[in-house]
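# Summary of structural features
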Amino acid sequence: MSKTQTVLEHERIPFTSYPHEWPPEMLHSAAALTLALAEELIEEGLGLKDATPHNVLFRGPQPVFIDVLSIEPRTTGDPIWLASAQFVRTFLLPLLLNGEVGLPLSQVFLTRRDGIDTGEAARALPPFKRWTPPLLGLVTLPRLLSRFAKDRAYESQEPMDAEAARFILSRHFRRLRKLLRRFEPEAHASHWSTYSNACPSYTGINATRKASSCVARLRQWRHEPS
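Calculation rules
Residues numbered from 1 in each chain as written. Predicted model: local features only at pLDDT ≥ 70, side-chain atom pairs only at ≥ 80, totals over all residues. Heavy atoms only, no water. Helix = DSSP H or I, 4+ residues; strand = E, 2+ residues; numbered from the N terminus. Contact = heavy atoms within 4.5 Å. Polar contact = N/O pair within 3.5 Å; in protein donor to acceptor, adjacent residues only side chain to side chain. Phe/Tyr/Trp six-rings, centres within 6.5 Å; stacked < 30°, edge-to-face > 60°. Buried < 20%, exposed > 50% of the residue type's maximum accessible area, 1.4 Å probe, protein only. Pairing = 2+ DSSP bridges. Expected span 1.5 Å × (residues − 1). Arc of directions from axis to C-beta. Salt bridge = Lys/Arg side-chain N within 4 Å of Asp/Glu carboxyl O. Core = buried A, V, L, I, M, F, W, Y, C linked by side-chain atoms within 4.5 Å.

Turning to the environment of Glu 100, a few remarks are in order. Summarising the element assignment, Glu 100 is placed in helix α2 (residues 84-101). When the C-alpha atoms of Glu 100 and Pro 126 are compared, they prove to be 9.2 Å apart, with 26 residues separating the residues in sequence. For Glu 100, the contacting residues outside a window of four places in its chain are Leu 125 and Lys 129. Within the local environment of Glu 100, its side chain forms a polar contact with the side chain of Lys 129, the two groups lying 3.3 Å apart.

On to the packing of aromatic side chains, then. Two descriptors summarise a pair of aromatic rings, namely the distance from one centre to the other and the angle between the planes of the rings. Enumeration according to the criterion identifies four aromatic pairs in this entry. Taken together, a centroid distance of 5.1 Å and an interplanar angle of 80° make the contact between Trp 22 and Phe 58 edge-to-face. Pair noted here: Trp 22 is in the segment before α1 (24-42) and Phe 58 is in strand β2 (residues 56-59), with a separation of 36 residues, a long-range link. Exposure remark for Trp 22: the relative accessible area of 5% places this residue in the buried category.

It is worth spelling out the pairing of strand β3 (residues 62-65) at this point. Sheet topology places β2 next to β3; four bridges connect them, and they run antiparallel. Residue pairing in the sheet places Phe 58 in a bridge with Pro 63 of β3. Joining the antiparallel neighbours β2 and β3 is a turn of two residues, in which Gly 60 adopts a positive phi near 65°.

Turning our eyes to something else, we now look at helix α6 (residues 162-182). Relative to the 30 Å expected for 21 residues at 1.5 Å per residue, α6 spans 30 Å between its end C-alpha atoms, a close match to the ideal helical length. Among the residues of α6, Ala 165, Leu 169, Phe 173, Leu 176, Leu 179 and Leu 180 are the ones counted as buried. Axial view of α6: buried residues confined to an arc of 115°, hence all on one face. Away from the buried face of α6 by more than 90 degrees, exposed residues Glu 163, Phe 167, Lys 178, Arg 181 and Arg 182 are located.

Attention now goes to α2. In a regular helix each residue adds 1.5 Å, so 18 residues correspond to 26 Å; α2 covers 24 Å between its end C-alpha atoms and thus fits that length. Taken together, the buried positions of α2 are Ser 84, Gln 86, Phe 87, Val 88, Thr 90, Phe 91, Leu 92, Leu 93, Pro 94, Leu 95, Leu 96 and Leu 97. The elements touched by buried residues of α2 are α1, α3 (105-109), α4 (118-124), α5 (135-146) and α6. Positioned one or two residues after α2, Gly 102 has a phi angle of 75°, which is positive.

In this section: the pattern of salt bridges. Should their charged atoms come close, side chains of opposite charge can pair. Taken as a whole and assessed by the stated rule, the structure comprises six salt bridges. Its salt-bridge partner being Glu 39, residue Arg 177 comes within 2.5 Å of it at the nearest N-O pair. Taken together, the residues span a long stretch of sequence, with Arg 177 in helix α6 and Glu 39 in helix α1 at a distance of 138 residues. What makes Arg 177 partly exposed here is its relative accessible area of 29%. Across the pair Glu 43 and Arg 166 runs a salt bridge whose closest N-O atoms are separated by 3.9 Å. Here Glu 43, found in the loop between α1 and β1 (46-48), pairs with Arg 166, found in helix α6; they are 123 residues apart in sequence, far enough to count as distant. By relative accessible area, Glu 43 is classed as exposed at 53%. With relative accessibility at 29%, the residue Arg 166 sits in the partly exposed group.

This paragraph deals with the nonpolar core. If you look at the biggest cluster of nonpolar residues, it comprises 41 residues, and the most contacted ones within it are Trp 81, Phe 87, Leu 92, Leu 96 and Leu 138. Within the residue set of this core, elements represented by two or more residues are α1, β2, α2, α3, α4, α5 and α6. With near-sequence residues (within four places) excluded, Trp 81 lies in contact with Leu 35, Ala 38, Leu 48, Ala 51, Phe 87, Leu 169, His 172, Phe 173 and Leu 176.

So, in structure tokens, the structure goes:
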């Protein structure tokens, strides 16, 4: 019996950056892309087995998912997204601690490739914060329940009705999207915003030429017509 072979190719990403180099806005954008992709794959009978920022690169400000091998067929009656815990460790908890206690993302991903666990998150948060929503359900309760959980790999259960499984997954993704919105970094002006006014390197016609050159390079990078 012959097997169908598929070759996938995407355009080259001209610049490689890594999660420990990103500002929180880029991590949030990568999280939104990962979550949207995982949810859309369900409708195609597929699943996303990995949910880590290391699977995302950026083309300019646009996140691009690059780990095609993380996509696999899924059992239609399985209501569990196995990568959910990894998504929490590598996206939600780093964003949470960055916003709440100012933990730099560089400190997270240079020493913890697989993100932050609930125990570490709980220790970093003020005690009263741990018992307030949404941290109660995201950090405190999972940490307490993990003490009673058996240390074993996930074992697939008897498949349920496909529609019921899809409904449960849909509710789960809706909850993750809501949490992601809660941890969206606050917009603020960069300290470089006034650089051109404070330290004018170009004036007059030279400033115009510099701006035109930058726009042309950006369009070339994005493969847009000039």
